[in-house]
Amino acid sequence: AVKVPYEALGPEISLDYDERTRILGTRDGLVLIGIIAAVAFPAVIERFFLSGDDAATLRARLAVMAWTYTPAVVLACWMCAAGVQERQWAALVARAPKSFWEDFRRSLSNRPFRILLTAYTISSFGNNLPATLILYYVQYVLGSTRADYYLMVYFVTGILFLPAWIALARRVGKKQSWLLAMAINTGAFAGVFFLGYGDENAYGILVGLSGIGFGGAFALPSTMQADVIDYHEWLSGDRVEGFYIGVWSVAKKLSAALGVGLGLWLLGQAGYEPYATQSEPVILRLRLLYALVPSVCNAIAFAVTLAYPLDKRAHRELILAIEKRKGNA
């Protein structure tokens, strides 16, 4: 109810190919900053204000989080809804009422959308496996307790390099930049498969290298998604940002659910036992699911993305054709 209309406002802010990259890339960068703040906030409360493990202290920490997050969420949503208006050109587009299935059928004729959605869903499925299994991998494969530290390195590196990916996308194009981001993110992370007990330093280096590509791999698909909505308008004559963002959101959540569900189920099938020394089959299964399967998924997504046709020149011609059809100079 909140995220779909919020993200649907993004493509409406600008029709410009490069300006969208800056706007939506900045938005997703701030999302990453929010994630880091949310992860760090409970630890800050515990360290500086409410330390202890008794029930009363735990309840007090949760109360502080509730009284902080709740007004922040309400205020942020209100500010966005009040301050970001829908574009006039979007409101002027004729929009005859259609069913979900009619919109879905018409979206399937949108070839750039099919390619982008397929590539992103496959990549997202693979990327949700390490997000689910990092605590298990760090503890049982590396023999470390520093999972939070590695997560911080990954996210902070992604944020620091995000402006560079935005600049590169404006210079060489979104598709090429996303392909390079996936290659760096996956190429470095594939090496994690070969690590074992005690390889904490090597893991930290690979996580940092992978984080360089993470910023681009995280943000650039959103900017490409805005362009395929324009392609839909050229095909059908109407704009359906909310529909496309909704389908995208469902696909993202489904891939995440499959990644979490299959990852934990397959780990259990290998014989995982909580709070116990894990057998060699469990360790091997962890390494496969955490590093190798995501790398294969991203390699497939990379190959699918090669067929994506909308570059800067094609998008400009697309917008000009739409405007000409409307009778605009």
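For the structure, check the block above.
Residues numbered from 1 in each chain as written. Predicted model: local features only at pLDDT ≥ 70, side-chain atom pairs only at ≥ 80, totals over all residues. Heavy atoms only, no water.

On to the environment of Val247. Of note, Val247 is situated in helix α10 (residues 241–269). Taking relative accessible area as the criterion, Val247 reaches 11% and is therefore assigned buried. Apart from residues lying up to four places away in sequence, Val247 is in contact with Phe113 and Leu117. (Helix = DSSP H or I, 4+ residues; strand = E, 2+ residues; numbered from the N terminus. Buried < 20%, exposed > 50% of the residue type's maximum accessible area, 1.4 Å probe, protein only. Contact = heavy atoms within 4.5 Å.)

Now for the packing of helix α6 (residues 111–141) against helix α11 (residues 280–305). Axis separation between α6 and α11 bottoms out at 8 Å; the angle between their running directions is 160 degrees. Between α6 and α11, the crossing angle belongs to the class labelled roughly antiparallel. As for how α6 packs across α11, the hand of that crossing is left-handed. Here the residues of the contact of α6 with α11 are counted per class, giving 22 nonpolar, 6 polar and 1 charged. (Axes fitted to C-alpha atoms, helices over the stretch in contact; angles between N-to-C directions. Parallel < 35°, antiparallel > 145°, perpendicular 65-115°, else oblique. Left-handed = near helix turned anticlockwise from the far one by under 90°. Nonpolar A, V, L, I, M, F, W, Y, C, P; charged D, E, K, R; others polar.)

With that settled, consider the side chain of Arg61. In this fold, Arg61 is placed in helix α3 (residues 55–83). Lacking a salt bridge, the buried Arg61 has Glu46 as its closest oppositely charged neighbour, with an N-O distance of 4.2 Å. When near neighbours in sequence (up to four residues on either side) are disregarded, Arg61 contacts Ile45, Glu46, Leu50, Ser51, Gly52 and Asp53. (Lys, Arg positive; Asp, Glu negative; His and termini not counted. Salt bridge = Lys/Arg side-chain N within 4 Å of Asp/Glu carboxyl O.)

Here we come to the environment of Gly29. As for its position among the elements, Gly29 is in helix α2 (residues 17–48). Between the C-alpha atom of Gly29 and that of Ile13, which follows or precedes it by 16 residues, the distance is 17 Å. Not counting residues within four places of it along the chain, the set of residues in contact with Gly29 comprises Ile159 and Leu162.

One can find Ser107 in helix α5 (residues 100–107). Within polar-contact distance, the side chain of Ser107 engages the backbone oxygen of Phe104 at 2.7 Å. Every residue in contact with Ser107, bar those within four places of it in the chain, is listed here: Phe113, Arg114, His232, Phe243 and Tyr244. (Polar contact = N/O pair within 3.5 Å; in protein donor to acceptor, adjacent residues only side chain to side chain.)

With that settled, consider a nonpolar patch on the surface. A contiguous nonpolar patch, built from Met152, Val156, Leu160 and Phe161 and spanning about 330 Å² of accessible area, is present on the exposed surface. Turning to its location among the elements, Leu160 is positioned in helix α7 (residues 147–172). Residue Leu160 is classed as exposed on the basis of its relative accessible area of 62%. (Patch = residues over 30% accessible without salt bridge, like charges linked within 9 Å, V, L, I, M, F, W, Y side chains within 5 Å. Areas by Shrake-Rupley, 256 points an atom, 1.4 Å probe, with all protein chains shown as cover.)

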